[in-house]
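# Per-entry structural report
What follows is the residue order along each chain.
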Amino acid sequence: MALGEPWREPKRWLNGAVWAYKDHPSARVGGGTYRRPGAPICPLWSCRSKGVQPAMLGLWSLLLLWGLATPCQGLLETVGMLARIDKDELGKAIQSSLVGGPILQNVLGSVAAVNQGLLGSGGLLGGGGLLGHGGVFDTVEELSGLKIEELTLPKESLKLLPGSGVQLNLHSKVGIALGDPLRGLLQLAAEVNVTSRVALGVSSRGTPILILKRCSTLLGHISLFSGLLPTPLFGVVEQMLFKVFPGRLCPMVDSVLGVVNELLGAVLGLVPLGALGSLEFSLATLPLISNQYIELDINPIMKSVAGDIIDFPKSPAPAKVPPKEDHTSQVTVPLYLFNTMFGLLQTNGALNMDITPELVPSDVPLTTTDLAALLPEALGKLSLHQHLLLSLRVKEAPTVTLNNKKALVSLPANIHVLFYVPQGTPESLFELNSVSVLCAQLTPLATKLHVSLCLEWLSVKVVSSFTHAFDESCLEEWLSHVVRVVYAPKLNVALDVGIPLPKVLNISFSNSVLEVIENAVVLTVAS
């Protein structure tokens, strides 16, 4: 069979040769274990090792049952941030790690002819890498001078094993020839299937990690591309390939997983939030696997500029996350993260504002003359044509409500209305307690959820007055106009930092479908 011919099912398969990292550090990392933050990872399947006491077996068995749990297929109650990553995204990440550079085609040609990209010079599988000079595919000593010269771009197939891990198959075709000076006298084409069992665990950094636990190769149809090979020697070559292929092909799988793990590790990136501090993501529990997606329970940790952890209380009411559709990925942003963001803004004074005549447009009334037209009794004997100052202070953290497909922010504030005295300090006219209810418009971007506010309604109540008591309801329309035109835009500038989203496998949520449910926002993006 020529290397340029289309892929076809192999005519016969030999028994698979198994290859595993017995001494690889990852072989000591297991999935499905309980682990304190910062503690070493203990594999469940290491219970057979010496030193494990019988009294511990009951505990390990309990942890095993918990670790092999699969995500709920119906409504899931959670108060944290939940990421459900479809297996299509994992498959795309694996395939991308194999394709790499822009010049690569579906078929890999001569190793020496490829100069760029992941399979080229300097790439993972190219010159200096797995397929290039000095790589594991350079010279196959066991084959008495035979060299692997060509390798078609592997085609991946992925299967998630609920509660167990991942089965990864790479189908490829290998071109083999005699080395110099007999080059060209014999060329073979061999179909090969690399089957790997991969565990999903947690690295020492606390990031999700794919760990190669077992790898085997199935050698398919071997065809003579050119030259002559006596029948007795054909069987010898076949057995040699059967012997050496696991050790030559399985490291490629581990290298691919290394690239994917770099993407998975980005989930724990530290996201700066300017004057508010930073947001760091960590895994709250071990990853769970269903037959369609991987579920990550992510714990967002807010830190001040000084690096101190800011612990705002979580909502006691969990969110009931709807089931995820196939071929989509889903992220759930919990209510408490919204409340935390607004709590930080309030603590830092970012929600306070002094509204002076210089900050308002000409159509916004802000003089004693304008006030007298609305409510003369509030002015008393104060002269007209004097400028007013509105000192707005938010002394309590705003409250966010997520329900009925709508996001609302209730913002309590103290509004102190003062008048300017010529060549003097502004003096108090009256003081109000207000509650502004603002509608939050949520827009998903690639890496964050953008929030902007617009006023729905405002209510006020008099706290104190320079003159006698008056009906404050007459001021609500005036103050609502001031808030819409001057204060809400200032809030939106402070909110421009947005709510960061976890970065998993470079998934962009800019085109996601947003749904506001009770106590959470769900973003769903097609794979």
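Structure first, text after, so check above.
Here's a quick rundown of the structure. (Residues numbered from 1 in each chain as written. Predicted model: local features only at pLDDT ≥ 70, side-chain atom pairs only at ≥ 80, totals over all residues. Heavy atoms only, no water.)

## Details of the overall build of the chain
The test is simple: Helical segments are the DSSP runs of H or I of at least four residues, strand segments are the runs of E of at least two, and each set is numbered from the N terminus. Burial classes follow relative accessibility: with a 1.4 Å probe on protein chains only, a residue under 20% of its type's maximum area counts as buried, one over 50% as exposed, and anything between as partly exposed. The contact definition used throughout considers only heavy atoms, calling two residues in contact when any of these lie within 4.5 Å. Working definition of accessibility: Shrake-Rupley area with a 1.4 Å probe, residue cover restricted to the visible protein chains.
Across its full length, the chain carries 7 helices and 24 strands. With 527 residues in all, the chain has 50% of them scored as buried. Long-range pairs, those at least 24 residues apart, make up 67% of the contacts in the chain with a sequence separation of at least 6. Counting every atom, the chain has about 24,400 Å² of accessible surface; 57% of that belongs to carbon and sulfur.

## Observations concerning the pattern of salt bridges
Rules: Each salt bridge in this description consists of a side-chain nitrogen of Lys or Arg and a carboxyl oxygen of Asp or Glu lying within 4 Å of one another.
Here the structure, examined in full by the defined rule, presents 6 salt bridges. The salt bridge involving R84 is made with E295; its shortest N-O contact spans 3.3 Å. Of the two residues, R84 sits in strand 3 (residues 81–86) while E295 sits in strand 12 (residues 293–303), which places them 211 residues apart along the sequence. Neither R84 nor E295 differs from the other in exposure class; each is buried. The salt bridge partner of E280 is K303, with a shortest N-O separation of 2.8 Å. Of this pair, E280 sits in strand 10 (residues 278–283) while K303 sits in strand 12, placing them 23 residues apart in sequence.

## Observations regarding helix 4 (residues 335–347)
What counts, and what does not: Helices are assigned an expected span. That span is 1.5 Å times one less than the residue count.
Compared with an ideal rise of 1.5 Å per residue, which puts 13 residues at 18 Å, helix 4 spans 18 Å between its outermost C-alpha atoms and is within 8% of the ideal. A large share of helix 4 lies buried, amounting to 11 of its 13 residues. Of all the positions in helix 4, only L335, Y336, L337, F338, T340, M341, F342, G343, L344, L345 and Q346 are classed as buried. In the stretch just after helix 4, G349 is the one whose phi turns positive, near 75 degrees.

## Some thoughts on the nonpolar core
Heads up, the rule is: Among buried residues, those of type Ala, Val, Leu, Ile, Met, Phe, Trp, Tyr and Cys that are joined through side-chain atoms within 4.5 Å constitute a nonpolar core.
L90, F245, V333 and F338 are the most contacted members of the largest nonpolar core, which totals 120 residues. By residue number, the principal contributor to this core is helix 3 (residues 231–265), which donates 12 residues. Apart from the residues lying within four places of it in its own chain, the contact partners of L90 are L158, L160, V166, L210, V260, I294 and L505.

## Some remarks on the environment of L90
Within the secondary structure layout, L90 lies in helix 2 (residues 87–99). The spatial distance from the C-alpha of L90 to the C-alpha of I294 is 9.1 Å, given a sequence separation of 204 residues.

## Focus: the state of the cysteines
Between two cysteines, a covalent bond joining their sulfur atoms is known as a disulfide. Short version of the rule: Any two cysteine sulfur atoms lying within 2.5 Å of each other are counted as a disulfide.
All told, the structure shown has 1 disulfide when counted by the stated rule. There is no disulfide at C439, and the cysteine sulfur nearest it, in C454, is 4.7 Å away. Residue class for C454 comes out partly exposed when judged on its relative accessible area of 31%.

## Some words on the side chain of D86
What counts, and what does not: Distance and chemistry together define a polar contact, namely a pair of N or O atoms within 3.5 Å, with one atom able to donate a hydrogen and the other to accept it when in protein, and with adjacent residues in sequence counting only for side-chain atoms on both sides.
Tracing the sequence through the fold places D86 in strand 3. Take D86: its relative accessible area is 0%, and that puts it in the buried class. Polar side-chain contacts of D86 include one of 2.9 Å to the side chain of K324. Among all residues touching D86, those that are not within four sequence positions of it are Q292, Y293, K324, D326, H327, T328, S329 and S527.

## Comments concerning the pairing of strand 21 (residues 448–465)
Stated precisely, the cut-off is as follows: Should DSSP find at least two bridges between two strands, the strands are taken to pair.
For strand 20 (residues 427–444) and strand 21, the ladder comprises 15 bridges, and the chain directions are antiparallel. Paired with P444 across the two strands is L449, which belongs to strand 21. Counting the residues between successive antiparallel strands, the hairpin from strand 20 to strand 21 contains 3 residues. Pairing of strand 21 with strand 22 (residues 499–500) involves 2 bridges; the strand directions are antiparallel. Residue pairing across strands places L449 opposite I499, the latter belonging to strand 22.

## Notes on the side chain of N193
Its location among the elements puts N193 in strand 7 (residues 186–202). For N193, a relative accessible area of 9% translates into the label buried. Looking at N193, its side chain comes within polar contact range of the side chain of T195, at 3.4 Å.

## A closer look at unusual backbone geometry
The bulk of non-glycine residues show a negative phi, and the bulk of peptide bonds are trans. In this structure, K405 takes a positive phi of about 60 degrees despite not being glycine. Its place among the elements puts K405 in the loop between strand 18 (399–403) and strand 19 (406–419). Look at K405 and you get exposed, because its relative accessible area is 65%. Even without glycine at this site, L505 takes up a positive phi of about 55 degrees. Position of L505 relative to the elements: it lies in the loop between strand 22 and strand 23 (513–517).

## A short note on the pairing of strand 17 (residues 388–393)
The side chains of a regular strand alternate, first on one face of the sheet and then on the other. Buried residues dominate strand 17, accounting for 5 of its 6 residues. Pairing analysis gives 3 bridges linking strand 16 (residues 353–355) to strand 17, with the strands arranged antiparallel. When the sheet's bridge partners are listed, D354 is paired in strand 17 with S391. Here 6 bridges tie strand 17 to strand 19, and the two strands are oriented antiparallel to one another. Across the sheet, residue S391 finds its bridge partner in strand 19, namely H416.

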